Each structure stands twice: as structure tokens, then as C-alpha cells.
Amino acid sequence: MYQDYTRVWNHYPARATSTNEIRVIGEGTVDIQPDQADVIIGIITENKELVPAQRENAQVSSAVVDALLSLQIPREKIRTSDYSIFPQYDFVDGVQTFRNYKVEHRLTVTLSNMDQIGMVVDKAIESGANSILAINFSAKNVSNQEQQALTLAVQDATQKAAAIAQALRVQLNHPPILIIEGGSAVTIPEPLYTTMPMVKGVSTTIEPGLLQVKATITAVFQFSS
């Protein structure tokens, strides 16, 4: 999730540019538990004939959806996020030879209960799905954490400016004369799940980990010798 906006706080709206300025970038980070996850399930079928490949994919997809509904997941939380049909070819000695048709149906399941993620993966695979393309974690409301991260970013900028002023042996003037907010973003520190084939009969445990709410600001301080 990314919020693309810039806000400016300026204590001196009509100020002239001064050479006695220190410009620093401050960053703040707050950890947050995810409370929502999108599980992307893939159903892939292949056949030399297109209609059988489509028919098999439709049957498996229907079975997967029924299995997910049996977990009391609302139907509106299950949606088709992609559906594709394309021919596949082999290339031997520069000659293109038709191999088969590939049909791929991707279902995205949105969950608010993190404990259901492993069960969704297992049920989908047991019902015929043959890939889990991704599990994307997010948080529905991060406004409080964004404000905390912004506060930390201002503190970080102030500390950096103070360190620079001390090194230069000058007097730093407070507060900053200009603050530009660079925006905030919610990120996952490390990849938690990647595309991989799944195996029936294997119990799946998913660890959501933590998300990071990051804020960045640019601050301008004046100093006196």
C-alpha cells in the first residue's frame, strides 16, 4: 500500500533562501500486525484439445470454490483475478511445434482471519488446485501507525540536524523552518511467500510476520555561527 502525497509545513512562508541552512531527511518505521491476507490460488490444466482443457479447469475451479465455501468463507471474498488460455509450443532446431493448450484460472481469496490461511491452502490443493501464486498481507487501518511513523521521522531529522550542527560547531535553531512530508508506505520487510507448486496431504503453516509502516520527511533547519 502506498500513499503518494506531499505536505509542507513552513514556519516562514515568505522566507528568502539562506545559506545558513541544514537540510536533512528523516525516516520513521513502526511495526504492525497484518489483519488481512489475499491468497492467490492457481488452477492450471493442459490438453492438446482446447475444450477438454477448459472443461477440466472449470470442474477443478468449481471444486476449489466449493471447498473454500465449506470453510465459511463468504462468496464475495472469493473472486477470479485472472483467467488465461494460450497455446504452448516446443522449439526444436528452430522449428516451432504445437504442444498443447494451457488454461489457467487464478482465484483470489481475501481473509480477515489469519488462522484460516493454512486451511485455505490445504483445502484448495486437496480440491485440485496446483499452485499458490502468492499470499499478500496487509492492514486495513494504519492511520495511527502512520502518525507514529511521522513523529519518529521528525525526531530522526532533528537528531541528524543536531549531529551535523555539532560537527560544524554551529548553533542549530529550532524548530525547523520547513518540513516536507515525502509520504508513507506499508511494506513487508522480507518476502513471506512465493510462487510454488503444492503437494496434497501436506499440512501448511503460514506465519504472517510483521508489516512495516514507514514515513519520510525532509526538514530544513537554520543555524547561526
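A brief report on the enclosed structure follows. Just so it is clear, the model here is predicted, and its values are computed rather than measured. The written sequence of each chain sets the order in which its residues are numbered from 1. Only residues with pLDDT of 70 or above have their local features reported here, since the model is predicted, and side-chain atom pairs are shown and tallied only from 80 upward, although totals for entire chains, interfaces and linings are computed over all residues. Hydrogen atoms and water are omitted, and side-chain values are computed over all heavy atoms in the structure.

### Some details on helix H2 (residues 117-126)
Burial analysis of H2 places seven of its 10 residues in the buried class, which makes it a mostly covered element. Just downstream of H2 lies glycine 128, where phi reads positive at about 120°. Each residue's exposure class comes from its accessible area (1.4 Å probe, protein chains only) as a fraction of the maximum for that residue type: buried when under 20%, exposed when over 50%, partly exposed otherwise. A run of H or I in DSSP counts as a helix once it spans at least four residues, and a run of E counts as a strand once it spans at least two, with each numbered from the N terminus.

### Here we look at the environment of alanine 157
The residue alanine 157 is located in helix H3 (residues 143-168) in this model. Classification of alanine 157 by relative accessible area gives buried; the value is 0%. Spatially, the C-alpha atom of alanine 157 lies 8.9 Å from that of arginine 23, the residues being 134 residues apart in sequence. Pairs of residues are marked as contacts when any of their non-hydrogen atoms sit within 4.5 Å. Among all residues touching alanine 157, those that are not within four sequence positions of it are Val24, Gly26, Ile217, Ala219 and Phe221.

### Concerning the pairing of strand S6 (residues 95-111)
Along any regular strand the residues' side chains alternate between the sheet's two faces. Strands qualify as paired when DSSP identifies two bridges or more between them. With 11 bridges connecting them, strand S4 (residues 36-47) and S6 associate as antiparallel partners. Looking at the pairing, valine 39 lines up with valine 109 of S6. Looking at chain direction, strand S5 (residues 78-92) and S6 are connected through 14 bridges and run antiparallel. The residue bridging phenylalanine 86 from the neighbouring strand is lysine 102, located in S6. Hairpin connection from S5 to S6: two residues lie between these consecutive antiparallel strands, with aspartate 93 at a positive phi of about 55°.

### Description of the environment of asparagine 136
By secondary structure assignment, the location of asparagine 136 is in strand S7 (residues 131-138). What asparagine 136 contacts, discounting residues up to four positions off in sequence, is Gln36, Ala37, Asp38 and Ile40.

### Points about the environment of threonine 218
By the secondary structure assignment, threonine 218 is in strand S11 (residues 211-224). A C-alpha to C-alpha distance of 4.5 Å links threonine 218 and isoleucine 25, two positions 193 residues apart in sequence. Leave out the neighbours within four places in its chain, and threonine 218 touches Arg23, Val24, Ile25, Leu178, Ile179 and Ile180.

### Describing a nonpolar patch on the surface
On the surface, a cluster of nonpolar side chains totalling about 310 Å² of accessible area is made up of Tyr89, Phe91 and Phe98. Among the structural elements, tyrosine 89 can be located in strand S5. We classify tyrosine 89 as partly exposed; its relative accessible area is 34%. Nonpolar side chains (Val, Leu, Ile, Met, Phe, Trp, Tyr) are joined into patches within 5 Å and like charges within 9 Å, using only residues with over 30% relative accessible area and no salt bridge. Here, Shrake-Rupley sampling with a 1.4 Å probe gives the accessible areas, and only protein chains in the shown set may cover a residue. Throughout this description, the term salt bridge denotes a Lys or Arg side-chain nitrogen within 4 Å of a carboxyl oxygen of Asp or Glu.

### Considerations on the packing of aromatic side chains
Two rings belonging to Phe, Tyr or Trp (six-membered ring only in the last case) form a pair when the distance between their centres is within 6.5 Å. Interplanar angles under 30 degrees mark stacking, angles over 60 mark edge-to-face geometry, and anything in between is tilted. Under the counting rule described, the total for this entry stands at two aromatic pairs. Residues tyrosine 89 and phenylalanine 98 carry aromatic rings whose centres are separated by 5.9 Å and whose planes lie at 75° to one another, so their mutual orientation is edge-to-face. Accessibility expressed as a relative area gives 33% for phenylalanine 98, which makes it partly exposed. Through successive ring pairs, a cluster of aromatic residues spans Tyr89, Phe98 and Tyr101.

### Digging into the nonpolar core
Most often, soluble globular proteins keep nonpolar side chains buried together rather than apart. In these notes, a set of buried Ala, Val, Leu, Ile, Met, Phe, Trp, Tyr and Cys residues joined through side-chain atoms within 4.5 Å is what counts as a nonpolar core. Within the largest apolar cluster, 48 residues are counted, with the highest numbers of intra-cluster contacts made by Val39, Ile41, Ile117 and Ile135. The residues contacting isoleucine 41, other than those within four sequence positions of it, are Leu68, His105, Arg106, Leu107, Val109, Val120, Ala124, Ala129, Ser131, Ile132 and Leu133.

### With respect to unusual backbone geometry
A cis amide bond links histidine 174 to the next residue, proline 175, at an omega of -10°. Tracing the sequence through the fold places proline 175 in the loop between strand S8 (171-172) and strand S9 (178-187). A positive phi is found at glutamine 72, a non-glycine position, where the angle reads about 70°. Within the secondary structure, glutamine 72 sits in the loop between helix H1 (50-69) and S5. Residue classification places glutamine 72 among the exposed residues on the basis of a relative accessible area of 68%.

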